[in-house]
Amino acid sequence: MKKDAILSKIKADKVIGLIRADSPDGLIDCARALAAGGLTSIELTMTTPGAIRLLEKATAELPDFIFGLGTVLDTETARAGILAGAKFIVTPATLPAVNELCRRYSVPVFSGAFTPTEILRAWESGADAVKIFPAEFFGPNYIKSVKAPFPQIDFVPTGGVNENNVADFIKAGATATAAGSSLVQAKAFKEKDWATITAKAKAFADAVAAIK
């Protein structure tokens, strides 16, 4: 899948599942559960033990699902993730060297930022979108405020996004969002309660579909 197609799919779904998995099977089953609810992308964080190995197995098993690697802090990790099949890279802060590497491999990169100065720096250093983190403190109103001077920049707010406010974030100007425990609850993941995760995914997808 080419870069433009990956970005288009994420923009269409508008919700990325942010998870910390503990096994390849769990990650694959979670992806299937999300897809059953209408969501087709996951950001697997590098805080997951053995994340690169998990990612490699998951991308081989589900080549059409959009798996990304998050909490990437350096170029070595970004390259390892890309070679393992990551279709996008997410950094918690702006790392120009990582952005440059992702552009070299034609892989989307979302750089973490919060203030207007940080947002502009992320975009100028080559980010395809800016991860607004943490988004829970100021909510959709903050997205609306910073979108005004930066209409050309795609925002992906992360933190505090749930099925009840995801539409508000999108209406405020977010291109997409990333949802963690509000979408993939730790208890449901641990107990392999995929039906609950599918129901949550559907709730998010329905909320996005209802935006007018």
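As recorded in an unreviewed UniProt entry, the chain goes by the name 2-dehydro-3-deoxyphosphogluconate aldolase, listed as coming from Ereboglobus luteus. The annotation that UniProt attaches to the chain under Pathway (unreviewed entry) is "Carbohydrate acid metabolism." Quoted verbatim from the Subunit (unreviewed entry) field of UniProt, the annotation for the chain is "Homotrimer."

Draft legend 1. Looking closely at the pattern of salt bridges. For the structure shown, the criterion picks out 11 salt bridges. Note that K11 and D154 form a salt bridge whose closest N and O atoms lie 3.2 Å from each other. Remark: D154 occurs in the loop between helix 7 (139-147) and helix 8 (166-171) and K11 occurs in helix 1 (residues 3-13); sequence separation between them is 143 residues. Here D128 and R103 are joined by a salt bridge, their closest N and O atoms 4.0 Å apart.

Draft legend 2. A look at the pairing of strand 1 (residues 15-19). Within strand 1, 4 of the 5 residues are buried, leaving the element largely enclosed by the surrounding structure. Relative to strand 7 (residues 177-179), strand 1 is paired through 3 bridges, and the arrangement is parallel. Residue pairing for strand 7: G17 is matched across the bridge by A179. In this structure, strand 1 lies alongside strand 2 (residues 41-45), joined through 3 bridges in parallel fashion. Following the sheet pairing, I19 is matched in strand 2 by L44. Each parallel crossover has a hand, and for strand 1 linked through helix 2 (residues 24-37) to strand 2 it is right-handed.

Draft legend 3. Highlighting the packing of aromatic side chains. In this structure the tally under the stated criterion is 6 aromatic pairs. Judged by centre distance (4.8 Å) and plane angle (15°), the ring pair of F114 and Y142 falls under stacked. One end of the pair, F114, is in the loop between strand 5 (109-113) and helix 6 (116-124); the other, Y142, is in helix 7, and 28 residues separate them in sequence. Summarising the burial analysis for this pair, F114 and Y142 share the class buried. Taken together, a centroid distance of 5.7 Å and an interplanar angle of 85° make the contact between F189 and W194 edge-to-face. An aromatic cluster is present here, built from F114, F138 and Y142 joined pairwise through their rings. In this arrangement the basic side chain of K147 is found over the ring face of F155, its NZ or CZ atom lying 5.2 Å from the centre.

Draft legend 4. Structural detail: helix 2. Over its 14 residues, helix 2 extends 20 Å from the first C-alpha to the last, a length consistent with the 20 Å expected when each residue adds 1.5 Å. Looking at helix 2, one finds that the buried residues are P24, G26, L27, I28, C30, A31, A33, L34 and G37. Those residues of helix 2 that are buried lie in contact with strand 1, strand 2, helix 3 (51-61), strand 3 (66-70), helix 9 (186-190) and helix 10 (194-209).

Draft legend 5. View of the environment of I42. By secondary structure assignment, the location of I42 is in strand 2. For the pair I42 and K131, spaced 89 residues apart in sequence, the C-alpha to C-alpha distance is 15 Å. Residues contacting I42, with those up to four places away along its chain left out, are I16, G17, I19, L27, C30, A31, L34, F65, I66, F67, G68 and F88.

Draft legend 6. How the structure looks around the pairing of strand 3. Counting buried positions along strand 3 gives 5 out of 5 residues, so the element sits mostly inside the fold. Bridge count between strand 2 and strand 3: 5 bridges; the pairing is parallel. The residue of strand 3 that forms the bridge with E43 is G68. For the crossover from strand 2 across helix 3 to strand 3, the handedness is right-handed. In this fold, the crossover linking strand 3 to strand 4 (residues 88-91) by way of helix 4 (residues 75-83) has right-handed handedness.

Draft legend 7. Region of interest: the packing of helix 2 against helix 10. Running from N to C, helix 2 and helix 10 point in directions that differ by 40°, and their axes come no closer than 7 Å. With respect to their mutual orientation, helix 2 and helix 10 come out oblique. The interaxial crossing formed by helix 2 with helix 10 has right-handed handedness. From helix 2, G26, D29, C30, A33, L34, A36 and G37 reach across to helix 10, where they touch W194, I197, T198, A201, K202 and A205. Residues that form the contact of helix 2 with helix 10 fall into these classes: 8 nonpolar, 3 polar and 2 charged.

Scoring rules and cut-offs
- Each chain carries its own residue numbering, running from 1 in the direction its sequence is written.
- Reporting in this predicted model follows two pLDDT cut-offs: at least 70 for local features of residues, and 80 or more for side-chain atom pairs to be given and counted; totals over whole chains, interfaces and linings ignore these cut-offs and use all residues.
- In computing side-chain properties, one takes all heavy atoms of the structure into account and sets aside hydrogens as well as water.
- UniProt positions are given in the numbering used here, feature names are shortened, and annotations may be inferred rather than shown by experiment.
- One side-chain nitrogen of Lys or Arg within 4 Å of one carboxyl oxygen of Asp or Glu is enough to make a salt bridge.
- In DSSP terms, a helix is any run of H or I states spanning at least four residues, a strand is any run of E spanning at least two, and both are numbered starting from the N terminus.
- When accessible area is computed with a 1.4 Å probe and restricted to protein chains, residues below 20% of their type maximum are described as buried, those above 50% as exposed, and intermediate ones as partly exposed.
- Being paired, for any two strands, means DSSP has found at least two bridges between them.
- For crossovers, right-handed means that the path from the first strand over the helix to the second runs clockwise, given strands pointing away from the viewer.
- By convention, a stacked pair of Phe, Tyr or Trp rings (six-membered ring in the case of Trp) has centres within 6.5 Å and planes under 30 degrees apart, an edge-to-face pair has planes over 60 apart, and any other such pair is tilted.
- Both a distance and an angle decide whether a charge sits over a ring: NZ of Lys or CZ of Arg must be within 6 Å of the ring centre and within 35 degrees of the ring normal.
- A helix is expected to span 1.5 Å multiplied by its residue count minus one.
- Residues count as neighbours in contact if any of their non-hydrogen atoms are within 4.5 Å of one another.
- Fitted lines through C-alpha atoms serve as axes, helices being fitted only where they are in contact, and the angles separating the N-to-C directions of these axes extend from 0 to 180 degrees.
- What sets the label is the angle itself: under 35 degrees gives roughly parallel, over 145 gives roughly antiparallel, 65 to 115 gives roughly perpendicular, and the rest give oblique.
- Definitions for this section: a left-handed crossing has its near helix turned counterclockwise from the far helix by less than a right angle. A right-handed crossing has that turn clockwise.
- Side-chain classes follow a simple rule in which Ala, Val, Leu, Ile, Met, Phe, Trp, Tyr, Cys and Pro form the nonpolar group, Asp, Glu, Lys and Arg form the charged group, and the remainder, Gly included, forms the polar group.

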